Amino acid sequence: MFAYILKRLIYAIPIALSVTVVSFVLVYLAPGDPLNAIAPADAPEEVILALKSAYGLDKPVPVQYGLWLLRAVQGDLGTSIASGRAVTAEVLSAVSNTLLLAGMAALGGVLIGCILGALAGYRHGTWIDRVATVISVIGVSIPHYWLGLVLTIIFSIWLTWFPAMGAGPGGSSEWMWDYDHMRHLVLPALTLSVIPMGIITRTVRALVADILEQEFVTALRARGLSGFAIFRHIAKNTAPTVLAVAGLQIGYLMGGSILVETVFAWPGTGFLLNTAIFQRDIPLLQGTILVLCMFFVVLNLLVDILQPLIDPRMGRG
Amino acid sequence: MSASLELSLPLADVAAPAPSRSYWLVVWRQLRRDPMALAAGLILLIIVGAAVFAPWLAPADPYKASMIKRLLPIGSPGFLLGTDELGRDMLSRLMHGGRLSLLMGVVPVLAAFGIGTAIGLFAGYIGGKVNMIIMRVLDVFYAFPSVLLAVAISGALGPGMSNSLLALTLVFVPQVVRVAESVTTQVRQLDYIEAARMSGASAFSIIRVHVLGNVLGPVFVYATGLLSVSMILASGLSFLGLGVKPPEPEWGLMLNTLRSAIYVNPWIAALPGALIFVTSIAFNLLADSVRSAMDIRR
């Protein structure tokens with residue numbers, strides 16, 4: 001078991017390193033000088049040179065990468081060109097907002113998905129199954145940014161139950177666990193939860209239907225077990241796969257939230273990425289992508305490590 | 001099928017057990033009998049038809065704005081689906097918008113299908129260290145959630161249609177490669193490939209005759225499944241302002257520019273997204289049908 005965890009950890013290192021390379025190099029694909037964002041077009045030569053050395057842009061790209069990585073490891077992602085604030089602080093506050101949104105969406109989506117999927121798998125071929133199938137197809141096909149818009153129209157404009165925008169009253173971006181903030185969370189989280197819900201429903205339904213057909217279930221029935229006892233066996237058998245799928249989904253949600261955050265003006269990484277892209281704020285862009293991807297890498301690692309813990313067959317393999 | 005049996009046959013008869021022409025015919029017949037596939041196909045046919053023939057079918061010029069006719073409701077005389085925030089005819093814009101939206105959804109999948117299959121075949125057939133290096137490099141792309149990767153690439157390259165096409169293709173290629181590579185690796189170890197190699201067939205012709213037919217099926221199924229994702233992502237990029245630029249009609253972009261109109265005329269604002277949804281659900285249903293139709297051989 002320990003050897004397995006160690007192997008996974010070692011395997012994650014080159015992936016993490018390559019992610020830093022991609023996050024750094026990506027921005028150099030872009031045509032145009034990054035200095036254009038800060039220096040006026042008619043700036044004198046000395047000013048340009050001074051700016052270049054201030055942002056470290058006068059060194060060769062590999063050296064720039066090395067220095068950037070060295071500082072990034074120490075938690076310093078540079079200074080945002082647009083706002084002049086430290087990138088690390090900006091990214092961390094945005095990431096915590098995104099994680100909150102993605103976490104809530106994943107929780108709701110996985111929970112509903114498991115219930116729907118289990119019902120559909122148990123009652124294979126009945127109307128419950130058909131309803132669950134339709135819901136899951138809708139869940140994976142719906143453009144969630146549009147769903148957000150439709151939910152806003154229904155629940156904010158017509159019913160005025162929930163606010164349409166922001167993460168708190170008066171456009172505050174500091175999260176608190178009070179009634180007013182939670183009301184702001186409902187619509188974006190609901191919108192985002194539809195994606196994992198569809199996928200989890202589909203997965204659980206197929207798994208449960210599959211396991212019910214296996215011989216050990218017949219054997220359990222033959223032994224006189226029924227209802228909850230059999231359900232426990234099925235739950236144990238589906239858990240590892242569901243965990244793996246759910247883990248990946250949380251990661252995808254951190255990406256998917258970019259669009260939903262735009263719809264609801266949620267102060268998370270999507271908002272930050274938008275600013276970074278349209279103002280060509282390179283340190284901010286690199287930092288946001290890096291932090292998000294590192295979360296994704298760590299998440300994958302956690303799933304890999306947790307899986308054999310709940311499924312002993314895998315640890316031995 | 002055993003190797004000895006095949007070797008005893010004359011060379012011309014060493015037919016690959018790869019799916020033949022009749023296999024695709026069987027799949028086609030299966031699909032024609034599937035009501036879900038028929039319904040999805042019909043919906044797509046209407047949407048694609050309306051988009052392709054938009055210049056002839058659309059009732060008005062999709063670019064012609066009018067300050068006094070802004071955000072007319074659905075069913076207004078002369079404007080069947082109302083007008084947008086600049087007073088342009090919604091029906092015409094939606095029809096024209098389908099051209100770019102469908103193009104941006106389908107082209108990346110087609111490109112990734114071609115490029116990914118080629119890389120996957122190569123990596124899987126060569127095997128060994130080269131294969132390992134290619135697959136490890138592609139693993140890096142898996143460390144990025146796909147929406148983030150698409151946004152990051154097209155954001156880094158700068159807004160624009162060709163950049164978002166490139167970004168989406170880059171997102172899908174590694175996924176297709178994985179499918180193609182795993183099938184190729186399995187097929188490569190079969191006896192009849194060994195037999196073909198011993199009878200002097202070149203690597204290229206082995207891949208073309210014996211491997212490709214086996215790989216194409218699973219990759220095709222995977223790629224049809226990507227169509228719906230690609231539609232949503234492509235329009236999503238335009239929605240963020242990273243894809244098509246105004247005043248070009250495109251569903252994602254229209255959804256973005258009409259966003260402020262939800263307080264005035266919510267139905268109009270919801271229309272472009274509804275079309276993305278319908279297209280994507282049709283693609284998904286079709287992909288499900290293709291998957292089950294092609295499973296008959298397994």
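How each quantity is defined
Residues numbered from 1 in each chain as written. Chains lettered and ligands numbered in written order. Predicted model: local features only at pLDDT ≥ 70, side-chain atom pairs only at ≥ 80, totals over all residues. Helix = DSSP H or I, 4+ residues; strand = E, 2+ residues; numbered from the N terminus. Contact = placed C-beta atoms within 7 Å. Buried ≥ 20, exposed ≤ 12 C-beta atoms within 10 Å, placed from the backbone. Nonpolar A, V, L, I, M, F, W, Y, C, P; charged D, E, K, R; others polar. pLDDT = per-residue confidence, 0-100. Core = buried A, V, L, I, M, F, W, Y, C linked by C-beta atoms within 7 Å. Axes fitted to C-alpha atoms, helices over the stretch in contact; angles between N-to-C directions. Parallel < 35°, antiparallel > 145°, perpendicular 65-115°, else oblique.

Would you take a moment to explain the overall build of chain B for this structure?
When its secondary structure is counted, chain B shows twelve helices and zero strands. Each helix and strand of chain B, placed in order from N terminus to C terminus, yields the pattern α-α-α-α-α-α-α-α-α-α-α-α. Its C-alpha atoms give chain B principal-axis dimensions of about 80 × 45 × 25 Å. Sequence-distant contacts in chain B: of pairs separated by 6 or more residues, those separated by 24 or more amount to 73%.

Before we go on, may I ask you to explain the overall build of chain A in this structure?
Of the regular secondary structure elements, chain A holds twelve helices and zero strands. Overall, chain A shows an N-to-C arrangement of helices and strands of α-α-α-α-α-α-α-α-α-α-α-α. Put simply, chain A has 317 residues, and 37% of those count as buried. Pairs at least 24 apart in sequence give 75% of the contacts found in chain A among residues at least 6 apart.

Teacher, can you tell me more about the interface of chain A and chain B here?
By convention, interface size is frequently given as the accessible area that disappears when the constituent parts associate. Listed per partner, the contact involves 39 residues of chain A and 35 residues of chain B. Those elements giving two or more residues to the side of chain A that touches chain B turn out to be helix 1 (2–26), helix 5 (127–141), helix 6 (144–158), helix 9 (228–264), helix 10 (269–278) and helix 11 (282–310) of chain A. By residue number, the principal contributor to the side of chain A that touches chain B is helix 9 of chain A, which donates eight residues. Considered class by class, the residues forming the side of chain A that touches chain B number 31 nonpolar, eight polar and no charged.

I tried to follow the environment of Thr262 of chain A on my own but got confused; where do I start?
Here Thr262 of chain A lies in helix 9. For Thr262 of chain A, a count of 22 C-beta atoms within 10 Å translates into the label buried. Not counting residues within four places of it along the chain, the set of residues in contact with Thr262 of chain A comprises Gly270 and Asn274 of chain A together with Leu240 of chain B.

I tried to follow the confidence of the model for chain A on my own but got confused; where do I start?
Close reading of the predicted structure is inappropriate where its pLDDT is low. Here chain A averages 82 in pLDDT, and 92% of its residues register 70 or above. Mean pLDDT in chain A bottoms out at helix 12 (residues 312–316) of chain A, which sits at 63, and peaks at helix 4 (residues 87–122) of chain A, which reaches 89.

I keep staring at the confidence of the model for chain B and nothing clicks. Help me out?
All names here are of chain B. Per-residue pLDDT for chain B has a mean of 83; in total, 92% of the residues score no lower than 70. Within chain B, helix 1 (residues 3–7) has the poorest average pLDDT of any element, 38, and helix 5 (residues 90–126) the best, 91. pLDDT under 50 marks residues 1–16. Its contacts with residues more than four places away, or in other chains, come to 21 contacts.

Could you clarify how one ought to interpret the nonpolar core in this entry?
In terms of nonpolar packing, the biggest core is built from 147 residues, with Leu253 of chain A together with Ala150, Val151 and Val176 of chain B touching the most fellow members. With 15 residues, helix 10 (residues 203–239) of chain B is the single largest residue contributor to this core. Residues in contact with Val151 of chain B, not counting those within four places in the same chain, are Ile258 and Leu273 of chain A together with Leu240 and Leu242 of chain B.

Looking at this structure, how should I read helix 8 (residues 215–222) of chain A?
Three or four residues apart is the spacing at which side chains of an α-helix point the same way, because the helix has 3.6 residues per turn. Counting buried positions along helix 8 of chain A gives zero out of eight residues, so the element sits mostly on the surface. Looking at the residues trailing helix 8 of chain A, positive phi occurs at Gly224 of chain A, about 95°.

Please explain the packing of helix 10 of chain B against helix 12 (residues 266–294) of chain B as it appears in this structure.
Helix packing geometry: the angle between the two helix axes and the distance between the axes. Residues and elements named next belong to chain B. For the pair helix 10 and helix 12, the least separation of the axes is 9 Å and the interaxial angle reads 170°. Viewed along their axes, helix 10 and helix 12 adopt a mutual orientation that is roughly antiparallel. Contacts between helix 10 and helix 12 involve Gly217, Val221, Thr224, Gly225, Leu227, Ser228, Met231, Ile232 and Ser235 from the first element and Ile276, Thr279, Ser280, Phe283, Asn284, Leu286, Ala287, Val290, Arg291 and Met294 from the second. Here the residues of the contact of helix 10 with helix 12 are counted per class, giving ten nonpolar, eight polar and one charged.

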